[in-house]
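Fold and contact review
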Amino acid sequence: MSSLFAHHVLLPQGWTSNVRLHWNTSGELSQIELNTSAQIHENQAQFVVPGMTNLHSHAFQRAMAGMTEMAGEGKDSFWTWRDLMYRYALHITPKQLQAIAAQLYAECLRHGYTAVCEFHYLHRDQDGSFYARPAEMAECVIAAAEQTGMGISMLPVLYSYADFGEHALRHDQRRFSTNVAEIMQLIEALDGKRNGQVEVGVAPHSLRAASMSQIRELVAALPAARPIHIHIAEQQKEVDACIAYSGKRPVELLLDSGLLNERWCLVHATHLNKAEVQGIASSGAVAGICTTTEGNLGDGFFDLPDYIEASGRFGIGSDSHVSQSPVEELRWLEYGQRLRLQGRNIASVTGQRKVGDFLYQSALQGGAQASGRKLGQLATGYRADMVVLDDAHPNLAGISSADLLNTWIFAGNDNLVRDVYVGGKLAVQNGKHLQQDEIQAAYGTCMRSLRSL
Ligand code: ZN
């Protein structure tokens, strides 16, 4: 099977009816046939949209979802959550990581994500030494992506310091420890995995964990056009610490470095002043907004209206995986702003008043850019990553395509994703991942072991 007839499909020019999408054996769209008609026995779908990129993931954290929602003695915060996360991270084996990532990616595929950017920092063995193959943990995550059919941009994370000012890592950060030379070796070790489904970029963890001179060295050493991601300005405490250390705010410091451009994804960018909003937008970098995790961790609100006004680019990520659904990420991105501003229909522009359409299309473009891969639109030369929505669901009864994205995003919690193709290969059929049973069995074994720790 290498074609799909779509009665209605979201193309770059907008919703279009009676289209046949063709793809080649490498999983790229090879022809978009317009104004055609369905053949009786051909593969058909009522509503087709491009698959979404999940631009920020720490796959192993899927295993902790739901386990940190209990109040401690003092005031709980991001930082107390992080301590718990570290304790968990210290136990995970390569085999367990692969089982967790496969479960996560299968869930993400079932909800309409077809690509992930994996911000991967669990590099070393439990005792802090490298595995015999230093890239083993990253290879396990890529294997999980390959097993499930998820497209992946693997981003090995540079993690050298515990805080601003090049403080030595804590003992419980030993699995993350890397310097620039080690990261470049990991990237080289993974280079043979690159293909239409797999890209390899890099991620300096944050301005806390990597120094500006390291980041410069890393960017200079990285092959051209590879994506670069960084956590930035997620918490007010981080902003304050950056000012105390450098006299500048985190995004200000990055902007002043002159390094930012379209290869960059600034993950979170929650705490921005007006100049920083303008600066990110002008640089062409993507803001990686992770609404459900930011809500879960109490990070704060991204300044979406000003950023949209400045024509800033953005995408969405599920980060700690308290949600695996792009619908929930996008819905809460809008709802957070409504609650904050006591208004409605915030994410829209003059040319696109429909909030669901504006959010989905923006996140498609931002996510694709952040992935460094040819994604985010159903056009010749791009990946054949397609999501077929369930036209038999009551929410879509009699609907016109013009109302489809708003209804998908803002009407209820049933999963409306029916089939998912990634690189032209079917990964999800009738709402079920093709290897769902075996993936869940392996995840169950892994979780019974982890929960008994
Ligand atoms: Zn993160």
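Source: prediction; values computed, not measured.

With 16 residues, helix H14 (residues 436-451) should cover 22 Å at 1.5 Å per step; its first-to-last C-alpha distance of 22 Å lies within 8% of that length. Along H14, the residues that are buried comprise Gln 436, Ile 439, Tyr 443, Gly 444, Cys 446, Met 447 and Leu 450. The inward-facing, buried residues of H14 contact helix H1 (78-89), helix H2 (94-110), helix H3 (136-148) and strand S17 (432-433).

Consider a sheet: its strands pair through backbone hydrogen bonds, and that pairing is either parallel or antiparallel. With mixed pairing, the 8 strands of this open sheet are ordered in space as S3-S2-S1-S4-S14-S15-S16-S17. Only two strands of the sheet have a single partner each, and these edge strands are strand S3 (29-33) and S17. The pairing of strand S2 (residues 14-23) with S3 spans 4 bridges and is antiparallel. From the neighbouring strand, Trp 23 faces S3, where its bridge partner is Leu 29.

The subject of this paragraph is the pattern of salt bridges. A complete count under the given rule lists 20 salt bridges for this structure. With a shortest N-O distance of 3.3 Å, Asp 191 and Arg 226 are connected by a salt bridge. Pair noted here: Asp 191 is in the loop between helix H4 (180-190) and strand S8 (198-200) and Arg 226 is in the loop between helix H5 (212-221) and strand S10 (228-232), with a separation of 35 residues, a long-range link. Judged by relative accessible area, Asp 191 falls into the partly exposed class, the value being 31%. When the shortest N-O distance is used, the salt bridge between Asp 303 and Lys 274 registers 3.8 Å.

This brings us to the side chain of Arg 249. Tracing the chain through its elements places Arg 249 in the loop between helix H6 (236-246) and helix H7 (250-257). Looking at Arg 249, the relative accessible area reads 18%, which means it is buried. When near neighbours in sequence (up to four residues on either side) are disregarded, Arg 249 contacts Val 239, Cys 242, Ile 243, His 271, Leu 272, Asn 273 and Glu 276.

Our next topic: the nonpolar core. A general tendency of soluble globular proteins is for nonpolar side chains to be buried together. Counting 131 residues, the largest nonpolar core has Tyr 105, Trp 264 and Phe 314 as the members making the most contacts within it. If you tally residues by element for this core, the top one is H2, at 10 residues. Grouped together as the second largest cluster of nonpolar side chains are 15 residues, Val 9, Leu 11, Leu 378 and Val 388 included.

Here we come to unusual backbone geometry. For residues besides glycine, phi is generally negative; the peptide bonds are generally trans as well. For Gln 342, which is not glycine, the phi torsion reads 50° and is therefore positive. Considering the arrangement of structural elements, one finds Gln 342 in the loop between helix H11 (326-341) and helix H12 (355-371). Relative accessible area serves as the criterion here: at 74%, Gln 342 is assigned to the exposed category. In the Ramachandran plot, Asn 430 falls in the positive-phi region, its phi being about 50° despite a non-glycine side chain. Examined against the element boundaries, Asn 430 turns out to sit in the loop between strand S16 (425-429) and S17.

This next bit is on the environment of Asp 125. For Asp 125, the location among the structural elements is in the loop between strand S6 (113-120) and H3. For Asp 125, a relative accessible area of 22% corresponds to the partly exposed category. Beyond its immediate sequence surroundings of up to four residues, Asp 125 is in contact with Tyr 131 and Arg 175.

To continue, consider H6. One turn of an α-helix holds 3.6 residues; hence residues three or four places apart share an orientation. When we look at burial in H6, the residues that qualify are Glu 238, Val 239 and Cys 242. For H6, the angular spread of the buried residues around the axis is 100°, confining them to a single face. Residues of H6 that are exposed and point over 90 degrees away from its buried face: Lys 237 and Ala 244. Those residues of H6 that are buried lie in contact with S10 and H7. In the segment just after H6, Gly 247 is the residue with positive phi, at about 80°.

Relative to the assigned elements, Ser 323 resides in the loop between strand S13 (313-316) and H11. In this structure Ser 323 comes out as buried when scored by relative accessible area, which is 3%. A polar contact of 2.7 Å, which involves the side chain of Ser 323, links it to the side chain of Glu 328. Residue contacts for Ser 323: discarding those within four places in its chain leaves Thr 292, Ser 318, Glu 328 and Glu 329.

Attention now moves to the pairing of S6. Of all the 8 residues making up S6, 8 are buried; the element is thus mostly covered by neighbouring parts of the structure. In this structure, strand S5 (residues 52-57) lies alongside S6, joined through 4 bridges in parallel fashion. Within S6, the position partnered with Thr 53 by the bridge is Ala 115. Bridge count for S6 against strand S7 (residues 151-158) is 6 bridges, and the pairing is parallel. Residue pairing across strands places Glu 118 opposite Met 154, the latter belonging to S7. In this view, the connection linking S6 to its parallel neighbour S7 by way of H3 has right-handed handedness.

By domain assignment, the chain separates into domain 1 (3-50 + 378-437) and domain 2 (52-371). Taken together, the contact between domain 1 and domain 2 spans 30 residues of the former and 26 residues of the latter. Regarding the contact of domain 1 and domain 2, the summed buried area is about 2,300 Å², with carbon and sulfur atoms giving 57% of it. Of all residues in domain 1, Ile 409, Phe 410 and Val 422 give up the largest surface area on contact with domain 2, accounting jointly for 26% of the area buried on that side. Joining domain 1 to domain 2, the criterion identifies 1 salt bridge. In this assembly, domain 1 and domain 2 are joined by 11 residue pairs in polar contact (both at pLDDT 80 or more). Taken together, the elements giving at least two residues each to the side of domain 1 that touches domain 2 come down to strand S4 (44-50), helix H13 (404-410), strand S15 (417-422), S16 and S17.

What counts and what doesn't
Residues numbered from 1 in each chain as written. Predicted model: local features only at pLDDT ≥ 70, side-chain atom pairs only at ≥ 80, totals over all residues. Heavy atoms only, no water. Helix = DSSP H or I, 4+ residues; strand = E, 2+ residues; numbered from the N terminus. Expected span 1.5 Å × (residues − 1). Buried < 20%, exposed > 50% of the residue type's maximum accessible area, 1.4 Å probe, protein only. Contact = heavy atoms within 4.5 Å. Pairing = 2+ DSSP bridges. Salt bridge = Lys/Arg side-chain N within 4 Å of Asp/Glu carboxyl O. Core = buried A, V, L, I, M, F, W, Y, C linked by side-chain atoms within 4.5 Å. Arc of directions from axis to C-beta. Polar contact = N/O pair within 3.5 Å; in protein donor to acceptor, adjacent residues only side chain to side chain. Right-handed = clockwise from strand over helix to strand, strands pointing away. Domains from an automatic or database assignment. Buried area = accessible area lost by both parts, 1.4 Å probe.

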